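Listed below, chain by chain, are the residues.
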Amino acid sequence: MSLPSNLHPDEASPPWLNKGDNSWQLTAATLVGLQSGPGLVILYGSIVKKKWAVNSAFMALYAFAAVLICWVGWGYRMSFGDKAFLGYLPNATMIYFQFVFAAITLILIAGALLGRMNFLAWMLFVPLWVTFSYTITAYSIWCPGGWLAKRGLIDYSGGYVIHLSSGVAGFTAAYWVGPRTTRDRERFPPNNILLMLAGAGLLWMGWTGFNGGDPYTVSTDASLAVLNTHVCTATSLLTWLILDYIFFGKPSVVGATQGMITGLVCITPAAGVVQGWAAILMGMMSGSIPWYTMMVLHKKVWFLKQVDDTMAVFHTHAVAGSLGGILTGVFAVPKFNRLFYMVTDWQHYIGLFYGFHDGRTTAGFRQLGVQLVGILFVVFVHATMTSIICLLISLVVPLRLSEEELQTGDDAIHGEEAYALWGDGERYESKHNSVYEENARPPSTKGDDDCFKTFWGNLLSRPRV
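This structure is a prediction, so every number in the text was calculated from the model and none was measured. (Residues numbered from 1 in each chain as written. Predicted model: local features only at pLDDT ≥ 70, side-chain atom pairs only at ≥ 80, totals over all residues. Heavy atoms only, no water.)

Observations concerning the layout of surface pockets
There is about 860 Å³ of room inside the second largest pocket. For the second largest pocket, the lining is made up of 26 residues, of which Q258, M294, D309, T310 and A312 are closest to its centre. The element contributing the most residues to the lining of the second largest pocket is helix α12 (residues 289-300), with four residues. Of the residues contributing to the lining of the second largest pocket, the split by class is 10 nonpolar, six polar and 10 charged. (1 Å grid on protein atoms, 1.4 Å probe; cavity = no way out; pocket = protein on both sides within 12 Å on 5 of 7 lines; lining within 4 Å. Points joined across faces, edges and corners; volume = space filled by probe spheres on them. Helix = DSSP H or I, 4+ residues; strand = E, 2+ residues; numbered from the N terminus. Nonpolar A, V, L, I, M, F, W, Y, C, P; charged D, E, K, R; others polar.)

What about unusual backbone geometry?
The general pattern is negative phi for most residues beyond glycine and trans for most peptide bonds. Note that the residue after G37, namely P38, is joined by a cis bond; omega there is 20 degrees. Within the secondary structure layout, P38 lies in helix α1 (residues 19-47). The backbone of A312 shows a phi angle near 55 degrees, a positive value even though the residue is not glycine. Topologically, A312 is positioned in the loop between α13 (302-306) and α14 (313-331). With a relative accessible area of 11%, A312 lands in the buried category. (Buried < 20%, exposed > 50% of the residue type's maximum accessible area, 1.4 Å probe, protein only.)

With respect to the nonpolar core
Ranked by size, the top nonpolar core spans 95 residues in total, and within it Y44, F101, L106, L113, W122, F125 and Y134 carry the most contacts. Apart from residues no more than four positions distant in its own chain, L106 is found in contact with A63, V67, W122, F125, V126, W129 and V130. Within the second largest apolar cluster, 29 residues are counted, among which are C232, V273, V333 and A363. (Core = buried A, V, L, I, M, F, W, Y, C linked by side-chain atoms within 4.5 Å. Contact = heavy atoms within 4.5 Å.)

Description of the pattern of salt bridges
For the structure on display, the rule yields six salt bridges. The partner of R77 in a salt bridge is D82, with the nearest N and O atoms 3.0 Å apart. Residue class for R77 comes out exposed when judged on its relative accessible area of 59%. D82 gets classed as partly exposed once you look at its relative accessible area, which sits at 46%. One continuous salt-bridge network, built from bridges that share partners, spans K49, K51 and D184. (Salt bridge = Lys/Arg side-chain N within 4 Å of Asp/Glu carboxyl O.)

Some thoughts on the packing of aromatic side chains
The full count for this structure, using the stated rule, is 22 aromatic pairs. Ring geometry for F64 and F99: centres 5.0 Å apart, planes at 65 degrees, overall edge-to-face. In this pair, F64 is assigned in helix α2 (residues 53-80) and F99 in helix α3 (residues 91-110), connecting sequence segments 35 residues apart. Exposure remark for F64: the relative accessible area of 24% places this residue in the partly exposed category. On the basis of relative accessibility, which here comes to 2%, the residue F99 falls in the buried class. Ring geometry for W277 against F331: centres 5.5 Å apart, planes inclined by 80 degrees, an arrangement best described as edge-to-face. With W277 in helix α11 (residues 276-286) and F331 in helix α14, this pair connects stretches of sequence that are 54 residues apart. Taking the relative accessible area as the measure of exposure, W277 reaches 39% and is therefore partly exposed. Pairwise contacts between aromatic rings join W71, Y76, F80, W129 and Y134 into one cluster. When the ring centre of F188 is taken as reference, the NZ or CZ atom of R180 above it lies at 4.5 Å. (Phe/Tyr/Trp six-rings, centres within 6.5 Å; stacked < 30°, edge-to-face > 60°. Lys NZ or Arg CZ within 6 Å of the ring centre and 35° of its normal.)

What follows is the structure, given as structure tokens:
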């Protein structure tokens with residue numbers, strides 16, 4: 001039987017290239033890219049106080065663009081060399097696919113720094129960190145020649161390389177940058193919860209590409225990875241929601257979003273190598289353990305209280321990512337790892353549970369030990385490199401905004417604001433942006449909340465026809 005003419009190999013479509021795999025890889029990469037923009041751009045812009053909406057969203061968008069240039073220029077080669085995936089997919093496909101993972105890592109770090117970091121310092125931080133910090137763990141864990149990859153560390157889609165890395169780096173950078181203003185730390189309400197949910201929904205659905213698009217799994221266990229991802233995430237969200245209801249009396253929407261994120265993070269290192277029942281157990285733990293560290297432990301541990309982590313990235317990514325890595329070492333199924341790694345010595349990839357079950361206890365403890373060593377390595381690398389980068393940047397520009405900028409927010413930093421609605425029918429005209437120079441808005445003695453109260457008060461007090 002002959003193939004259709006459009007499936008015959010030619011110079012543009014060599015025999016080793018599977019067009020379907022390549023198309024899905026590009027689609028999966030785009031889904032991950034949509035997690036960053038618009039997903040996290042919307043989420044950050046809406047979950048923060050109104051005066052920080054533009055700055056928070058733009059920190060994410062800038063990171064996406066800056067990482068792309070660095071990744072194409074030198075980042076990919078530093079992480080994977082020239083031959084990491086030859087014979088599987090075109091090099092351009094893999095550069096694009098791995099770029100979106102690098103980009104979202106920087107954007108997650110930004111979550112810990114919202115509401116006070118000098119934007120110029122952030123512009124310097126992004127290329128330096130992706131070059132000198134991210135590439136180390138990406139090479140060590142994901143490149144076939146990396147030392148942790150050779151020792152059998154299981155990180156299916158980035159629980160270590162992305163989430164643990166961003167949690168540790170974000171927390172470390174937040175320490176060096178310093179806290180938000182006292183007023184912002186005491187009261188930092190979301191400016192638009194509905195938009196926050198929209199961003200969270202994009203983040204969740206985009207995870208289909210995150211865990212279902214690994215280059216080794218496009219034809220094997222990608223379906224299992226996608227299903228496990230959604231099962232774990234839903235379980236985690238519901239667990240967090242129930243705990244909020246029990247201990248605080250109300251089902252928090254922001255809390256449910258945090259539970260969704262911890263579920264996504266926890267399942268990432270294990271998505272395609274565990275059974276469905278294990279994904280449910282991981283969801284229950286990812287919805288409860290980070291909840292405990294955030295809601296209880298954070299208020300009791302002195303050091304944690306000293307660091308102003310705006311989006312609680314330490315808990316949602318460092319804690320949840322570490323938890324996922326450890327549980328991968330417990331629940332990883334040897335046969336699923338054979339499908340994932342496609343190597344002859346796949347038997348050493350075995351979770352502790354199956355080590356007991358199959359009479360290979362030593363191999364199970366070894367796998368768990370490798371997972372723990374990976375956590376320590378990632379923490380050491382990113383705590384060290386992030387500290388060095390922050391200290392170097394502080395020699396050039398301040399890491400933290402000035403007190404005047406901290407009081408004003410978006411208008412002082414960008415000359416723009418998210419919502420052009422003002423009390424007494426005023427139009428928004430910024431005195432900090434050249435576009436509005438001719439008609440600068442007179443300074444208002446009213447706070448943001450007062451302006452909105454006046455606006456809605458005037459609107460509602462109008463006589464009805």
